[in-house]
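# Close look at the chain arrangement
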2 protein chains.
Amino acid sequence: MEAMLKLSPHLDIKSICYLSPKPMISVHQNFLPLTRSRVIMYSSSSPTPPGYLDNVRNSLIRQEDTIIFSLLERVQYSYDSVACDNDGLFPDDLDGSIAEYMAVQKETLYAKLGRYKSEEENPFFPRHLPRSILPHQQYPKILHRCADSININHKIWNIYFKEIVPELIKARNNDESGSSIPELVKAGNNYECGSIAVCDILCLQALSKRIHYGKFVAEAKFQDDPSEYEAAIKAKDRKLLLELLTYETVEATVKKRVELKAKTFGQVVKIDEDNVANPTYKIKPSFIPKLFEDIVMPFTKEVQVEYLLRRLD
Amino acid sequence: MEAMLKLSPHLDIKSICYLSPKPMISVHQNFLPLTRSRVIMYSSSSPTPPGYLDNVRNSLIRQEDTIIFSLLERVQYSYDSVACDNDGLFPDDLDGSIAEYMAVQKETLYAKLGRYKSEEENPFFPRHLPRSILPHQQYPKILHRCADSININHKIWNIYFKEIVPELIKARNNDESGSSIPELVKAGNNYECGSIAVCDILCLQALSKRIHYGKFVAEAKFQDDPSEYEAAIKAKDRKLLLELLTYETVEATVKKRVELKAKTFGQVVKIDEDNVANPTYKIKPSFIPKLFEDIVMPFTKEVQVEYLLRRLD
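Notes on the structure follow. Worth saying up front: this structure is predicted, and the values here are computed from it rather than measured. (Residues numbered from 1 in each chain as written. Chains lettered and ligands numbered in written order. Predicted model: local features only at pLDDT ≥ 70, side-chain atom pairs only at ≥ 80, totals over all residues. Heavy atoms only, no water.)

### Observations regarding helix α11 (residues 248-265) of chain B
- Taking 1.5 Å as the rise per residue, α11 of chain B with 18 residues should run 26 Å; its terminal C-alpha atoms sit 25 Å apart, in good agreement.
- Buried residues of α11 of chain B: Glu251, Val254, Arg257, Val258, Lys261, Ala262, Thr264 and Phe265 of chain B, and no others. Seen from one end, α11 of chain B has its buried residues packed into an arc of 160°, which puts them on one side. Opposite the packed face of α11 of chain B, turned more than 90 degrees from it, sit the exposed residues Glu248 and Thr249 of chain B.
- Structurally, α11 of chain B contributes buried residues whose contacts are with α2 (52-74) and α11 (248-265) of chain A together with α2 (52-74) and α12 (287-309) of chain B. (Helix = DSSP H or I, 4+ residues; strand = E, 2+ residues; numbered from the N terminus. Expected span 1.5 Å × (residues − 1). Buried < 20%, exposed > 50% of the residue type's maximum accessible area, 1.4 Å probe, protein only. Arc of directions from axis to C-beta. Contact = heavy atoms within 4.5 Å.)

### A closer look at the packing of aromatic side chains
- Taken as a whole and assessed by the stated rule, the structure comprises 13 aromatic pairs over all chains.
- Seen from their ring centres, tyrosine 160 of chain A and phenylalanine 161 of chain A are 5.0 Å apart, and the 85° between their planes marks the pair as edge-to-face.
- Take tyrosine 160 of chain A: its relative accessible area is 0%, and that puts it in the buried class.
- With a centroid separation of 5.0 Å and 50° between ring planes, the pair formed by phenylalanine 69 of chain B and phenylalanine 265 of chain B is classed as tilted. Taken as a pair, phenylalanine 69 of chain B in helix α2 and phenylalanine 265 of chain B in helix α11 lie far apart in primary sequence, 196 residues in all.
- The buried category is assigned to phenylalanine 265 of chain B, whose relative accessible area is 0%. (Phe/Tyr/Trp six-rings, centres within 6.5 Å; stacked < 30°, edge-to-face > 60°.)

### Focus on the environment of threonine 253 of chain A
- Its place among the elements puts threonine 253 of chain A in helix α11.
- Along the sequence, threonine 253 of chain A and glutamine 223 of chain A sit 30 residues apart, while their C-alpha atoms lie 24 Å from each other.

### Side note on the pattern of salt bridges
- Counted by the stated rule, this structure contains 40 salt bridges over all chains.
- When the shortest N-O distance is used, the salt bridge between arginine 62 of chain A and aspartate 65 of chain A registers 4.0 Å. A residue pair is termed a helical-turn pair when its members lie 3 or 4 positions apart in one helix, as arginine 62 of chain A and aspartate 65 of chain A do in helix α2 at 3 residues.
- When its relative accessible area of 4% is taken as the criterion, aspartate 65 of chain A is described as buried.
- Measuring nitrogen to oxygen at the nearest pair gives 3.2 Å for the salt bridge that ties lysine 255 of chain B to glutamate 293 of chain B. Here the residue lysine 255 of chain B occupies a position in helix α11, and glutamate 293 of chain B occupies one in helix α12, the gap between them amounting to 38 residues.
- In this structure, a network of salt bridges that share partners links the residues Arg62, Glu64, Asp65, Arg257 and Lys261 of chain A together with Glu73 and Lys282 of chain B. (Salt bridge = Lys/Arg side-chain N within 4 Å of Asp/Glu carboxyl O.)

### Thoughts on the environment of lysine 263 of chain A
All names here are of chain A.
- Within the secondary structure, lysine 263 sits in helix α11.
- Once the C-alpha coordinates of lysine 263 and alanine 218 are considered, the two residues, 45 residues apart in sequence, prove to be 30 Å apart.
- Each residue touching lysine 263, except ones within four places of it in the same chain, is listed here: Tyr281 and Pro285.

### Describing the state of the cysteines
Residue and element names in this part refer to chain A.
- If you walk through the whole model with that rule in mind, you get 0 disulfides over all chains.
- Cysteine 203 provides the cysteine sulfur closest to cysteine 199, a residue in no disulfide bond, and the two sulfurs are 6.5 Å apart.
- By relative accessible area, cysteine 199 is classed as buried at 10%. (Disulfide = S-S within 2.5 Å.)

### As for α12 of chain B
Residue and element names in this part refer to chain B.
- Taking 1.5 Å of rise per residue, 23 residues should cover 33 Å, and α12 covers 32 Å from first to last C-alpha, within 8% of that figure.
- Of all the bends in α12, the greatest measures close to 40° and is centred on glutamate 293.
- Burial runs high along α12: 18 of the 23 residues are buried. (Bend = angle between axes of the 7 residues up to and from the residue.)

### Describing the side chain of glutamine 76 of chain A
- Within the secondary structure, glutamine 76 of chain A is located in the loop between α2 and α3 (81-85).
- A distance of 3.0 Å separates a polar atom in the side chain of glutamine 76 of chain A from the backbone oxygen of glutamate 73 of chain A. (Polar contact = N/O pair within 3.5 Å; in protein donor to acceptor, adjacent residues only side chain to side chain.)

### Let's talk about unusual backbone geometry
- Positioned with a positive phi, lysine 236 of chain A is a non-glycine residue whose angle comes to about 50°.
- With respect to the secondary-structure elements, lysine 236 of chain A resides in the loop between α9 (226-234) and α10 (238-245).

Structure (structure tokens):
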């Protein structure tokens, strides 16, 4: 552990970071401010410290909660996000959708505050992001430099609006929508489009972070046993890499756990009723493990494969 | 019901709205787009429709979930928000804190998208907000015109940072922080300040919305029996109004329900363990009912009293 701590009191570095609160990764990824007279650095040429992979896993597990919370917030609204765009609400002279406009503006703000200097964060609209206004902000790197070039957010964005939201709306418990909405409003409730865009962006950010965490997973696995991966990397054998990265029992555990979380966090909690014996759910609980099986885990593995393919560059 | 629906096909109105997904209020608060050839309007001189108060209550109940989810996200971070400001991370030439800078920028964006034209939304930094970029956007009003002048967000902001966050950190289950954080980092983990500000703003918005919903509660109660309130309003008798608005059994039910929600949503869900028999919580569950008892409900009643005092203006 000591070996990875380098004292660099001469650096004048301040940081605001966007990081999972889980520990070890953060230790490597960020500078402490100079006032503490030392800076934790980590070079990707060093081996990862003991417990690193466990901490990556802990972060992934906690991020499941964030994804489920954000989807539970989104599912309050019965309206499909794509339908918002088709209603002509947005001025013609602005390109894109309400969600896109909002995401670009928020990412501009976050870039000013240095969010995308963190290796944990990946913007959806990386073009033309402004520089950070925070002076002297630097982040040390735990990942190989190739990490910056891996961003599959365009795929996440598309599948979110084309598949995830429509399926989410189908999995929604409609009793939750309130039975007293007049039919007139039910027919076209695009009055919720602003709130929906806010929720969509939170869901997208949670999914993006979880999926791009594949970079840390891949780095940890690689460092754990480089020889296992080197031949496949040199041969650019995606299929073999995918096999090496896939642990079916782990994936089964993830699905079981997220279903349990969906049942727990997604309850409609009623007073004076036995919520445990007769639970009502905001989302059909099977939606969440299916989301992980069909999208989150395959996309995470895609990130891992892309990272490993460039790991020896 | 019919009486409140006025058809106004000549209006050219489009809307993006920021509304709770609960029904009846939205019906009154928002225009449907012209493409549907009719607009739902509601005048505050009309009586509220049947079920209106129930729908206000349903929205309040669902907003409890949002508050708890946002606090559960915030409590991932053990660092006090005020400490972030004291670390000198933010450039001297920018006033305020990281959270304030972020909130002002986000509210500027939301104002452009018309968020604060909704009677459900109240900005924390209302000065100098830009106009909406959405053409022809208008919202009909359900509340008395005095509603616009009632905004206690400055109090919510202050108590959030001075009391709620410090108590939340104390109520945090420290096992959740991961035992492998090196002491060096534990000593000063301000590397999380960017993420913390994001969470703080979501918590503040959820609290603000729930508290300012007092306007709808007060309007519903007033319309239900104006004579009950008129004497106290004319006498400007805050104490009597507060008594008229207070239902101790309802408040006890709210506290019981939010504690149940805190225990349900706040579980650390573990696989292969009996989470029901041996639950672990991210936040000590008693924190949530105390928050409602000490802050959310009194502040909501303050909004109600202020609204009623001006209801006959």
